[in-house]
Every structure is written in structure tokens, then in C-alpha cells.
Amino acid sequence: MSKILITGGAGFIGSHVVRHFLKKYQDYKIFNLDSLTYAGNLENLKDVENLKNYHFVKGDIVDEDFIFNLFEKEKFDKVIHLAAESHVDRSISNPLQFVQTNVIGTVNLLNAAMKVWQKDFSDKLFFHVSTDEVYGSLGDSGYFTEETPYDPKSPYSASKAASDHFVRAYYNTYGLPVVISNCSNNYGPNQFPEKLIPLFINNIINKKPLPVYGKGDNVRDWLYVGDHAKAIDVICHKGKAGETYNVGGDNEWKNIDLIRTLCQITDKKLQRDEGESEKLITFVKDRAGHDKRYAIDASKIKKELQWKPEYDFKNGLEKTIDWYLSNEEWLENVTSGDYQKYYEKQYIKR
Ligand code: NAD
Ligand code: DAU
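Presented here is a report on the structure given in the accompanying data block. Model, not experiment: these values are computed from the prediction. (Residues numbered from 1 in each chain as written. Chains lettered and ligands numbered in written order. Predicted model: local features only at pLDDT ≥ 70, side-chain atom pairs only at ≥ 80, totals over all residues. Heavy atoms only, no water.)

For the rest of this paragraph, the subject is the nonpolar core. Among the nonpolar cores identified, the biggest contains 36 residues, and F21, I80, F127, I232, I235 and I301 are the most heavily contacted of them. Listing elements by their share of this core, those giving two or more residues are β1 (3–7), α1 (12–24), β5 (125–131), β6 (178–183), α7 (225–238), β10 (244–247) and α9 (299–305). When residues in this core are grouped by element, the largest group, seven residues, is from α7. The contacts of F127, once residues within four sequence positions are left out, are V79, I80, H81, V179, I180, S181, I232, I235 and C236. By size, the runner-up hydrophobic cluster in this structure holds 33 residues, among which are I259, L325, W330 and Y347. (Core = buried A, V, L, I, M, F, W, Y, C linked by side-chain atoms within 4.5 Å. Buried < 20%, exposed > 50% of the residue type's maximum accessible area, 1.4 Å probe, protein only. Helix = DSSP H or I, 4+ residues; strand = E, 2+ residues; numbered from the N terminus. Contact = heavy atoms within 4.5 Å.)

Now the structure itself:
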């Protein structure tokens, strides 16, 4: 029986990864370690929380003693590390928090894995789930490959780049079996409404302004979260230690085009007049250091590990919008309290 530690399993991507592993590998013991920050939510896992092979541990990856004790007690075989501060705008107002969680937290986990695994690395794996933002920003053409030099531009991407470097350093220096994935923008159910797609769906529902940064001509590559969970599964089981895999959706959209599509689909579902929500589009001051374009060349994972995205974007968006429309209580819970303060600072006083 394999014992797998998934960090950040109560967050957006983490909860999909936890559910995917619990359902597919019923003989594995799955531990979800999460400190439940504003982005962590056990409601995301309500449907699986009573499964026998699921164990939730509340704890902070920045707490060195706690992490050492947990690793010593549980003797995990594999770590899939997703816990992080993940929102670029928050990194601009509080970079130090990103250094603490994303850099120090990752190094604490690496040290704990080293300590308990050092006598025998066989069948062990430290998997760092990272982002394509470490590569910086593209112009109108080209793609990020695994060989693209790191050039992070935001405090968030700088902290993820630093943690990637530490993960590789532990492979090169100590031989710790590691693997890294760098993925493009995820979307789907359970995403906290600070990120573009859920924030805009929530604002459309509530007929609030849709704040488009700059001219809305930045480009992102979008991947359905379930496809990312499957990529994490294949990398975890078939990925080669020391390697990096880029993961993406072959699905580039200019923000403004994506936003218009979101408005059209949601209006139809809410039986509103055609064009009603598009009137809510408001161009606001651009994000500082806003990366222009991300695009992923995912040929390595496709060729070597036989993964490919399965969701067509239109279907994925429909499924996502349907989820938010039928989970209004979830939305209300996560947008009350501190969210209001965040929203005021980020958008009203912009
Ligand atoms: P998220 O913000 O939704 O979730 C992060 C989770 O980590 C939350 O459950 C939070 O409670 C937990 N966490 C934060 N600090 C912690 C700490 N100190 N100790 C323990 N738990 C802590 O993030 P997400 O969007 O699900 O992203 C997950 C990972 O995937 C991150 O590492 C992110 O960099 C990476 N990633 C995200 C995307 C994306 O589009 N969202 C794309 C590529 C890579
Ligand atoms: O590329 C992977 C990354 O994608 C992940 O590593 C990050 O964790 C994740 O947050 C995401 O980063 P982005 O900055 O691309 O995502 P965000 O949803 O914040 O923004 C997407 C685009 O939409 C970006 O160009 C900024 C723009 N935007 C965003 C918000 C929140 C707006 O125009 N208005 C907004 O209100």
C-alpha cells in the first residue's frame, strides 16, 4: 500500500487531485495536509471525506517541527506538493507571505523528506506542482518548453521559481528523487473567486462590474482542472526523477474574448437578454508587471507519458458555470467576511 501526502489538498487544484487519487487508487492511503488559509476549504471535499483511505491533517508547511514530526510518524512514500499562496495580485501587496509559504514551506518539506528517506530513496518521490509563470512572459509567438530559461516577473512567480530551484538543488546535491510540473491556468469547480473565471462568474451572477485589467489583450492558456489532476497522476506514476514536465491546454485566449464568451454563456443559462452582462465590462488600471502572454508546449508529457487534455474549452466552461450556479451557498460562504475587505482594496479603491 502506498502512502501519499498531498499538500494543499483543500484548495482548488488540490481538492481535485485528492478526489482523483482517492477514487482511482482505493488501496492508497491519501493524506491531505492543509493549513486552511482563506483559499483552503474542506467543503471542497465533502463528498469524499468519509472514505476509509482519506486522512485530513490540519497543519502549516512553514512549521518545521510539525512537518518533521509528521513525516517521521507517517513515513510517506510520495509527496505531491501543491500547498502555496497562489494569487498574483495578493503577491504584489504581500510578497513576504509568498516567500514564507512557497519557499520556506517547500524547503521544510524537502528537509523532512530527506530526513526520513535518506537511507533508501527507492520508490520515493517528491513532486512539486509548479506554474508556467516561472518562465516569464511571451511575445506574440513562441511557447514555453522545459528548456525555456526562468524569468519570473511577479513576486508570486519569483517565489515559485525559487521553490523549483530548491527542489532541483535537492536532486542534484543529495539525490532526492524529485519531479516538477509547470502548468498553465487552471479553471473549473471550487476555484476561489479571486481568479479571473470564478470572480467574473460571481460578478455576472450579482450584476457587478467586470474589472478587466488594462486593455484585456493579455493571453492565457486555459486547462480544465480535471485534466491537470490526470496529468499529476501520470507524472506521479510514470514521470522520471529529475525531470520537468510542462502541462497545458493548447487553448490560448485573449482575456477580453474569454470574458465575452463567459458573459454570453452565463446570460443564456440565467435567461437574461443577449448582451446584458457584457455591459458590465469595465476596463480598470492594469496589474503591475502584468505578463502579456503564456503558452505551453506540452509535447514532452504527451509523447513520453501519453497524457493529453480531454476537455474541450466550451464544455469545460459550461460545466464550470453550471457548478457555480448550483453551488450558490459555497459562493456565498467564501465571499463573506475577509473576501469583502480583499475586494474593496483590490477593486473599489483601485
Ligand atoms: P489555492 O490557492 O486554491 O490553494 C492553495 C492551498 O494551499 C489552500 O488549500 C491553502 O489552505 C493551502 N495552504 C496555503 N498555505 C499553506 C501552508 N502554509 N501550509 C499548508 N497549507 C497551505 O491554489 P491552487 O490554485 O489550487 O494551486 C495549487 C498549486 O498549483 C499551487 O502550488 C500553485 O502554484 C500551482 N498552480 C496553480 C495553477 C492555477 O491556475 N491555479 C496553475 C499552475 C500551478
Ligand atoms: O499560469 C498559471 C497561473 O495562472 C497560476 O500559477 C496562478 O496560481 C494562477 O493564479 C494563474 O495566474 P494568472 O495571474 O494568469 O491568473 P488570474 O486569474 O489572476 O488572471 C488571469 C488573467 O486575467 C490575467 O491576465 C489577469 C486578468 N485579470 C484577472 C483578474 C483577477 C483581469 O483582467 N481582471 C481580474 O479581476
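This brings us to the side chain of S2. Among the secondary structure elements, S2 is positioned in the segment before β1. Those residues within four positions of S2 in sequence are excluded, and the remaining contacts are D27, Y28, K29 and D77.

Looking at where C236 falls in the secondary structure, it is placed in helix α7. For C236 and V79, which are 157 residues apart along the polypeptide, the C-alpha to C-alpha distance reads 9.2 Å. Apart from residues lying up to four places away in sequence, C236 is in contact with F21, K78, I80, L125 and F127.

With that settled, the discussion passes to the sheet that holds strand β9 (residues 219–224). For sheets, the rule is that strands pair by backbone hydrogen bonds, running either parallel or antiparallel. As summarised here, the arrangement of the three strands in space is β7-β9-β11, forming an open sheet in which the pairing is mixed. The sheet is open, and its two edges are formed by β7 (185–187) and β11 (252–254), each paired on a single side. This sheet shows a mean twist of 50 degrees between the axes of neighbouring strands, independent of strand direction. Across three bridges, the pairing between β7 and β9 is parallel. Its bridge partner lying in β9, N186 is registered against L223. (Pairing = 2+ DSSP bridges. Axes fitted to C-alpha atoms, helices over the stretch in contact; angles between N-to-C directions.)

Treat this as a map of the structure, not an account of what it does.
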